[in-house]
Amino acid sequence: VQLQASGGGLVQAGGSLRLSCAASGRTFSSYGMGWFRQAPGKEREFVAAISWSGGSTYYADFVKGRFTISRDNAKNTGYLQMNSLKPEDTAVYYCAADVDMTRVVRTPDYWGQGTQVTVSS
């Protein structure tokens, strides 16, 4: 499956952004999907994940209550709604997918290119 992330940009602290991840090549609905991020000088970290059906979601503690992951299998697209953004959320955000949810939250097989999110104070 090929993944294409979009929707990043520059936003002030407290603002919102919605990232999208468009999938192609294979049946998107067969894959769990996740979002990761990597800030300058830091390792890539897990942000959120959603099961193939959308029935189960998982979040890193630092985004709980602020970010919401969702998907629309009819459109082969996943989303990450980010609210109450903080300067420390600044990073390149990557979408990823895998048929195995245990790998989605750790080491998914398929990755999209990143999209930059910058939050100014």
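Description of the structure in this document. (Residues numbered from 1 in each chain as written. Predicted model: local features only at pLDDT ≥ 70, side-chain atom pairs only at ≥ 80, totals over all residues. Heavy atoms only, no water.)

1. Digging into the overall build of the protein
So, step 1. Scanning the protein for helices and strands turns up one helix and 11 strands.
So, step 2. Going residue by residue from the N terminus, the α and β elements of the protein occur as β-β-β-β-β-β-β-β-β-α-β-β.
So, step 3. Taken over the C-alpha trace, the protein has a radius of gyration of 13 Å; the compact-globule value for 121 residues is 14 Å, and the two agree within 12%.
So, step 4. Projecting the C-alpha coordinates of the protein onto the three principal axes gives extents of approximately 40 × 25 × 25 Å. (Helix = DSSP H or I, 4+ residues; strand = E, 2+ residues; numbered from the N terminus. Rg over C-alpha atoms; globule rule 2.2 N^0.38 Å.)

2. Topic: the side chain of Asp98
So, step 1. Relative to the elements of secondary structure, Asp98 occurs in strand β9 (residues 91–98).
So, step 2. Judged by its relative accessible area of 1%, Asp98 is buried.
So, step 3. At a separation of 2.9 Å, a polar atom in the side chain of Asp98 contacts the side chain of Arg103.
So, step 4. Residues contacting Asp98, with those up to four places away along its chain left out, are Tyr31, Gly32, Arg103, Val104, Thr107, Pro108 and Asp109. (Buried < 20%, exposed > 50% of the residue type's maximum accessible area, 1.4 Å probe, protein only. Polar contact = N/O pair within 3.5 Å; in protein donor to acceptor, adjacent residues only side chain to side chain. Contact = heavy atoms within 4.5 Å.)

3. Let's talk about the environment of Gln2
So, step 1. Inspection of the secondary structure assignment puts Gln2 in strand β1 (residues 2–6).
So, step 2. Residue classification places Gln2 among the partly exposed residues on the basis of a relative accessible area of 48%.
So, step 3. Through-space distance from the C-alpha of Gln2 to that of Arg18 is 20 Å; in sequence the pair is 16 residues apart.
So, step 4. With residues near it in sequence (within four places) discarded, Gln2 still touches Ala22, Ala23, Ser24 and Gly25.

4. With respect to the packing of aromatic side chains
Both the distance between ring centres and the angle between the ring planes are used here to describe each pair of aromatic rings.
So, step 1. Counting across every chain of the model gives four aromatic pairs.
So, step 2. When the ring of Phe36 is compared with that of Phe46, the centres are 5.7 Å apart and the planes differ by 75°; the resulting orientation is edge-to-face. Of the two residues, Phe36 is situated in strand β4 (residues 32–38) and Phe46 in strand β5 (residues 45–50); the sequence distance between them amounts to 10 residues. When sorted by exposure, Phe36 lands in the same class as Phe46, which is buried.
So, step 3. Ring centres of Phe36 and Trp111 lie 4.9 Å apart, and the angle between their planes is 55°; this geometry places the pair in the tilted category. With a gap of 75 residues between them, Phe36 in strand β4 and Trp111 in strand β10 (residues 110–111) connect regions that are remote in the sequence.
So, step 4. Taken together, the ring pairs connect Phe36, Phe46, Tyr94 and Trp111 into an aromatic cluster.
So, step 5. Over the ring of Tyr94 we find Arg44, and its NZ or CZ is 4.2 Å from the ring centre.
So, step 6. One Lys or Arg, Arg44, reaches over the ring of Trp111 and ends 4.4 Å from the middle of that ring. (Phe/Tyr/Trp six-rings, centres within 6.5 Å; stacked < 30°, edge-to-face > 60°. Lys NZ or Arg CZ within 6 Å of the ring centre and 35° of its normal.)

5. Details of the environment of Arg106
So, step 1. Checked against the element boundaries, Arg106 lands in the loop between α1 (101–104) and β10.
So, step 2. Accessibility expressed as a relative area gives 59% for Arg106, which makes it exposed.

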